[in-house]
Amino acid sequence: MKVIKTTICILLMILVKSCIDLRNCPDNLSGKYICENNQKAENYLLLNDDGTFLHYYKENDKTFEDKGTWKKSDNGNCEIEFSNWKNFNEAGKNFEEFGNGKLWISGSNLDIGPDGESSTSFRKDKD
């Protein structure tokens, strides 16, 4: 009976742990990520191997760039932390500027929100 209780407890712990963070968190995050929420704009995020990034946004005659550093969070979550973040994705030229920023990693996507449902998230370019 004790073996069954122990086995059930172990299985429950594994189940709870797997439900806490179901994200696929790849080791290599470098590359180009594209946001396609505005078909009139060119909007991408370039994560370089050296820990720097470029966020580029162009719509009509307006061009915006944001540069800084990034790192994968060391808190055990599937997140990227940015030294600074200007959220061009939400409002284009009416962007919000944050002191720093965070994107949640989900496989080949970088999500603006932790739910992974935002249309303003980035998808890794296959090229």
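Residues numbered from 1 in each chain as written. Predicted model: local features only at pLDDT ≥ 70, side-chain atom pairs only at ≥ 80, totals over all residues. Heavy atoms only, no water.

A. View of the pairing of strand β5 (residues 79-82). Looking at chain direction, strand β4 (residues 62-72) and β5 are connected through three bridges and run antiparallel. Each residue of the ladder has a partner; that of Trp-70, found in β5, is Phe-82. From the end of β4 to the start of β5, which pair antiparallel, there are six residues, and Gly-76 there has a positive phi angle of about 90 degrees. In this structure, β5 lies alongside strand β8 (residues 101-106), joined through four bridges in antiparallel fashion. Note on β8: the bridge partner recorded for Phe-82 is Gly-101. (Pairing = 2+ DSSP bridges. Helix = DSSP H or I, 4+ residues; strand = E, 2+ residues; numbered from the N terminus.)

B. Just the packing of aromatic side chains, in detail. For the coordinates displayed, the defined rule picks out six aromatic pairs. The interplanar angle of 80 degrees and the centroid separation of 4.9 Å between the aromatic rings of Phe-53 and Phe-82 together place this pair among those described as edge-to-face. With Phe-53 in strand β3 (residues 52-59) and Phe-82 in strand β5, the pair connects residues that are 29 residues apart, well separated along the chain. Given a relative accessible area of 2%, Phe-53 falls into the buried group. A relative accessible area of 4% places Phe-82 in the buried class. (Phe/Tyr/Trp six-rings, centres within 6.5 Å; stacked < 30°, edge-to-face > 60°. Buried < 20%, exposed > 50% of the residue type's maximum accessible area, 1.4 Å probe, protein only.)

C. Highlighting the state of the cysteines. Using the criterion set out here, one finds one disulfide in the structure. Sulfur-sulfur distance for the disulfide between Cys-25 and Cys-78 comes to 2.1 Å. Of the two residues, Cys-25 is situated in the loop between α1 (2-20) and β1 (31-34) and Cys-78 in the loop between β4 and β5; the sequence distance between them amounts to 53 residues. Given a relative accessible area of 5%, Cys-78 falls into the buried group. (Disulfide = S-S within 2.5 Å.)

The values are spatial; any link to function lies outside them.
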